[in-house]
Amino acid sequence: MTVNENLIVVDKLIKAYEGRPDLALKGISVEVKEGECFGLLGPNGAGKTTLMGCLLGLLNPDGGSISIGGLDPNDYAVREIIGFLPERPNFENWLTAREFIEYHHALAGGDKSTRSKDVENMLRRVALQEDAWSRKTGKFSRGMLQRLGLAQALIGNPKIIFLDEPGSGMDPPGVTLLREILLELKRSNATIVLNSHHLDEMERICDRVAFIKNGEIQAIKTMSDESDYPHVLRLRFLPSQADTQLQEKIERVALATGSTLLEFDKKSARLAVASGEAASKVIQSCIENQLQIQSASPESTSLERLFTQLPLPSETARLDGHAE
Amino acid sequence: MLSKPIYLQTIKKILNHKMIMFALIMLGFFIPFSLILNPQNPSVSAVESWDAFSISAMSALLIVTATNSIGTALTLGGRSDYMPLIVTRPLHRFQYIIAKWLALSTVIIAVSLLQQTMLTVSGAYARWGLTNEMILAGFPERIISGLSVASVLTMIYSLPKQSLVLCGIIAFEIATGISIFSMSIAFPLPEQTSDVSTTIVTILGGDQWAKTTLLPAIFGGRAFSSVQQYATILVNVANFLAPQIHLYDMFTAKPFLWTPFLEVASNMLLSLTIASAILNAREYHYDSD
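If you're wondering where the values come from, they're calculated on a predicted model, not measured in any experiment.

With respect to the overall build of chain B
So, step 1. Counting secondary structure elements, chain B contains 13 helices and 0 strands.
So, step 2. Its helices and strands in sequence order give chain B the pattern α-α-α-α-α-α-α-α-α-α-α-α-α, from N to C terminus.
So, step 3. Residue pairs at least 24 apart in sequence account for 79% of intrachain contacts in chain B once pairs closer than 6 positions are excluded.
So, step 4. Carbon and sulfur atoms make up 70% of the accessible area of chain B, which totals about 14,800 Å².

Printed below as a string of structure tokens:
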């Protein structure tokens, strides 16, 4: 397989379903670079899973093209380097966890001599309790199935990993573990396509996130630029602070830093800031004005605003997006 | 060519399925035992009773698989299954089909040969008047039948919807019935008619009445030829889905003809090709978006 800077190239992809008046995908174009973690975000029915199905060669597009490393998604060489976790893990419930991963190790073309060791390492990596290894998967909880599914996706060391809601049904330690595994994969230069509703997970892991709605990409956001986007800064003041001029001071801070005071009470204030730099200035100015800040945090992340369709007016212009 | 993991996994799955195992044990051992213990079989001739084993085995196996299909359809809605995890693996789709076919064949042939061995060793066949050559011919015949039945079942199981799978199984059962028992159908079928049954129907005047009165009254003047054409198609389809091969007859016939063997071989190839084509063309929905 030839190595492209753009490992996955989707060009004007169209997909229709029988009996549905609207197209599921309306000419989507997107590129994913090698070693990149690319997120798909959007409401239910937006077309994220359809896009992922087309990328995996599970669904046949009605128009447009997909190439992975210059090859068709159904090419044998592509299947050798991909791993996939579906949203709803629906595994063969009569197999034990160990048998299931051994089966997929064999299907992925893994070396038989190292199978047992590889499988055990993988089950440990996803932190599946050892006493569950010999239990039939039909008796697993959703979170355990998700861990097992992740092990299945990662067995064989794939170079491209497609994950559909990997954190779904996982307990908090599971979500933390998932994040660590994904960051580890990123460090190993694996390419990840992640479909998730966990916005914080997306923000921490993804390099770019595409917002899909009604079968179209509304915007593609580069996460490294996150601090440059306008957001609401929430300031909380120490409860002991009895400053009668608190509101006056915070209004002065807002004026001096070019931000807008949206809301104020004796314990907290909400300010609309234009960027991360502006937020920093606000905090600095508060300190200079002897305001005792207990905490300062963005009220909502930029992805949350994008997801809930409430972007600040000035933000939409800054999204480096593909409005189609 | 053969995907060993899929092959072994499929055999394990079949052996792990309680209903299928129950049916296989019943067919493989219970029926032969009952016949061994009760050697007098007054109404059925030796060769016919031997044929009846194949058909009863197939029918019962299919009833079990149909039951399984209904259960699967109800629980999974025919949409989410584990196929997406398989087809995204480095595996050609025809390899998957070949592995499934051989696994299914292995189980069917194993049970069928065990049954044949039991009947041979117990002397049941000898008591029914089968010669040693006939009995010996039964072994490869059962292997060929097993491969053939498994190829058609593999094709049926590759269909994209549970409802289609179910229809396919029912069609297969009907076809098997027609292929084996076509001689009992009242109107004459091309090349499938038993002389005895035709004679009985002719003596009673049933065929003339059907030709000249019943069929024209229901379907119009050219009804009989239409029925004949339909019956020909039906028998051809039945022969495709459940082809019969009788090796002893084949090798003792003069002149010797390869046609039955070629027919079975071509049907197997065709079934497996169709199954691979379906698997290549179908879509795999792992979740409703």
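Quick word on the overall build of chain A
So, step 1. If you tally the helices and strands in chain A, you get 11 helices and 13 strands.
So, step 2. Split into buried and exposed, the 324 residues of chain A put 51% on the buried side.
So, step 3. When contacts within chain A are restricted to residue pairs at least 6 apart in sequence, long-range pairs at least 24 apart make up 70% of them.
So, step 4. Taken as a whole, chain A presents about 14,600 Å² of accessible surface, with 47% of it coming from carbon and sulfur.

Re the sheet that holds strand S13 (residues 293–298) of chain A
All names here are of chain A.
So, step 1. With antiparallel pairing, 4 strands are arranged side by side in an open sheet as S11-S12-S10-S13. The sheet is open, and its two borders are formed by strand S11 (260–264) and S13, each paired with just one other strand. Along the sheet, successive strands turn relative to each other by an average axial angle of 20 degrees, direction set aside.
So, step 2. Summarising the sheet, S11 and strand S12 (residues 268–273) pair through 4 bridges and their orientation is antiparallel. Counted as the bridge partner of Leu261 is Leu271 from S12.
So, step 3. Seen against the sheet, helix H8 (residues 246–257) touches strand S10 (231–237), S11 and S12 and runs at an angle of roughly 155 degrees to S11.
So, step 4. In the packing of helix H9 (residues 276–288) onto the sheet, contacts are made with S10, S12 and S13, and the angle to S10 comes to roughly 20 degrees.

What about a nonpolar patch on the surface?
So, step 1. A cluster of nonpolar side chains, contributed by Phe251(B), Phe256(B), Trp258(B), Phe261(B) and Leu262(B), occupies part of the molecular surface with about 520 Å² of accessible area.
So, step 2. Looking at where Phe251(B) falls in the secondary structure, it is placed in helix H12 (residues 247–252).

Section: the sheet that holds strand S1 (residues 6–15) of chain A
Residue and element names in this part refer to chain A.
So, step 1. Taken in spatial order, the 3 strands of this open sheet run S2-S1-S4, and their pairing is antiparallel. Two strands bound the open sheet, and with one partner strand each, they are strand S2 (25–33) and strand S4 (63–68). Within this sheet the neighbouring strands show an average axis-to-axis angle of 10 degrees, counted without direction.
So, step 2. Two strands pair when backbone bridges link them, and S1 and S4 are joined in this way by 5 bridges, in the antiparallel orientation.

A few points about the interface of chain B and chain A
So, step 1. Every contact between the two is made by 30 residues of chain B and, on the other side, 38 residues of chain A.
So, step 2. For the pairing of chain B and chain A, the buried interface totals around 3,300 Å² over both sides, and the portion due to carbon and sulfur atoms is 54%.
So, step 3. Counting across the chain B and chain A interface gives 3 salt bridges.
So, step 4. Where chain B packs against chain A, one counts 10 residue pairs in polar contact (both at pLDDT 80 or more).
So, step 5. Of all the secondary-structure elements, those providing two or more residues to the side of chain B that touches chain A are helix H1 (4–16), helix H4 (83–87) and helix H5 (93–121) of chain B.
So, step 6. Each residue belonging to the side of chain B that touches chain A can be placed in one class, and the counts come to 13 nonpolar, 8 polar and 9 charged.

Some points on the packing of H1(B) against H5(B)
All names here are of chain B.
So, step 1. Here H1 crosses H5 at 40 degrees, and the two axes come no closer than 8 Å. Considering the angle they form, H1 stands oblique to H5. Note that H1 runs across H5; the crossing there is right-handed. On the side of H1, the interface is formed by Ile6, Tyr7, Thr10, Ile11 and Ile14, while H5 contributes Tyr96, Ala99, Lys100, Leu102, Ala103, Leu104, Thr106 and Val107.

A look at the side chain of Glu92(A)
So, step 1. Among the secondary structure elements, Glu92(A) is positioned in the loop between strand S5 (82–85) and helix H3 (97–107).
So, step 2. In this structure Glu92(A) comes out as buried when scored by relative accessible area, which is 6%.

What to know about the nonpolar core
So, step 1. Within the largest apolar cluster, 128 residues are counted, with the highest numbers of intra-cluster contacts made by Ile8(A), Val10(A), Leu51(A), Leu128(A), Leu148(A), Phe162(A) and Leu163(A).
So, step 2. A total of 10 residues in this core trace back to one element, the largest contributor, which is H5(B).
So, step 3. Setting aside its immediate chain neighbours within four residues, Val10(A) contacts Ile28(A), Ser29(A), Val30(A), Leu51(A), Leu55(A), Ser65(A) and Ile66(A).
So, step 4. Counting residues in each nonpolar core, the second largest holds 15 residues, with Ile250(A), Leu271(A), Ala278(A) and Ala279(A) among its members.

Examining the confidence of the model for chain B
Residues and elements named next belong to chain B.
So, step 1. This prediction gives chain B a mean pLDDT of 74; 69% of its residues lie at or above 70.
So, step 2. Helix H3 (residues 46–76) is the least confidently modelled element of chain B, averaging 51 in pLDDT, while helix H13 (residues 259–281) averages 90, the highest of any element.
So, step 3. Low pLDDT (under 50) marks residues 42–50, which in the prediction has 11 contacts with non-local residues, meaning those over four places away or in another chain.
So, step 4. This model gives residues 73–80 a pLDDT under 50, and the stretch forms 13 contacts once residues within four places in sequence are excluded.

A look at helix H1 (residues 48–55) of chain A
Residue and element names in this part refer to chain A.
So, step 1. In terms of burial, H1 is a largely internal element, 8 of the 8 residues being buried.
So, step 2. Turning to H1, its buried residues number three or more, namely Lys48, Thr49, Thr50, Leu51, Met52, Gly53, Cys54 and Leu55.
So, step 3. Looking one or two residues past H1, Gly57 carries a phi angle of roughly 75 degrees, positive in sign.

Let's talk about the packing of helix H7 (residues 132–157) of chain B against H13(B)
All names here are of chain B.
So, step 1. Two numbers describe how H7 lies on H13: the axes approach to 8 Å, and their chain directions differ by 25 degrees. The angle between H7 and H13 falls in the class roughly parallel. As H7 packs across H13, the resulting crossing turns out to be left-handed. Counted together, Ile144, Leu147, Ser148, Ser151, Val152, Thr154 and Met155 of H7 and Phe261, Val264, Met268, Ser271, Leu272, Ile274, Ala275 and Ile278 of H13 form the full contact between these two elements.

A closer look at the confidence of the model for chain A
So, step 1. Of all residues in chain A, 88% attain a pLDDT of 70 or more, and the chain-wide mean is 85.
So, step 2. For residues 310–324 of chain A, every residue scores under 50 in pLDDT, and the model assigns this stretch 37 contacts once sequence neighbours within four places are set aside.

Side note on the pattern of salt bridges
All names here are of chain A.
So, step 1. All chains considered together, the criterion is met by 11 salt bridges over all chains.
So, step 2. Ionic pairing is found between Asp171 and Arg147, a salt bridge with its closest N-O pair at 3.2 Å. One end of the pair, Asp171, is in the loop between strand S6 (160–164) and helix H6 (172–187); the other, Arg147, is in helix H5 (residues 142–154), with 24 residues separating them in the sequence.
So, step 3. Assessed through its relative accessible area of 38%, Asp171 is described here as partly exposed.
So, step 4. Under the relative-accessibility criterion, Arg147 is labelled buried at 12%.
So, step 5. As a salt-bridge pair, Glu248 and Arg252 come within 3.8 Å of each other at their nearest N and O atoms. Of this pair, Glu248 and Arg252 both sit in helix H8, 4 residues apart, which is roughly one turn of the helix.
So, step 6. Overall, Glu248 belongs to the partly exposed group, its relative accessible area being 45%.

What counts, and where the lines are drawn
- Residues numbered from 1 in each chain as written.
- Chains lettered and ligands numbered in written order.
- Predicted model: local features only at pLDDT ≥ 70, side-chain atom pairs only at ≥ 80, totals over all residues.
- Heavy atoms only, no water.
- Helix = DSSP H or I, 4+ residues; strand = E, 2+ residues; numbered from the N terminus.
- Contact = heavy atoms within 4.5 Å.
- Areas by Shrake-Rupley, 256 points an atom, 1.4 Å probe, with all protein chains shown as cover.
- Buried < 20%, exposed > 50% of the residue type's maximum accessible area, 1.4 Å probe, protein only.
- Pairing = 2+ DSSP bridges.
- Axes fitted to C-alpha atoms, helices over the stretch in contact; angles between N-to-C directions.
- Patch = residues over 30% accessible without salt bridge, like charges linked within 9 Å, V, L, I, M, F, W, Y side chains within 5 Å.
- Salt bridge = Lys/Arg side-chain N within 4 Å of Asp/Glu carboxyl O.
- Buried area = accessible area lost by both parts, 1.4 Å probe.
- Polar contact = N/O pair within 3.5 Å; in protein donor to acceptor, adjacent residues only side chain to side chain.
- Nonpolar A, V, L, I, M, F, W, Y, C, P; charged D, E, K, R; others polar.
- Parallel < 35°, antiparallel > 145°, perpendicular 65-115°, else oblique.
- Left-handed = near helix turned anticlockwise from the far one by under 90°.
- Core = buried A, V, L, I, M, F, W, Y, C linked by side-chain atoms within 4.5 Å.
- pLDDT = per-residue confidence, 0-100.

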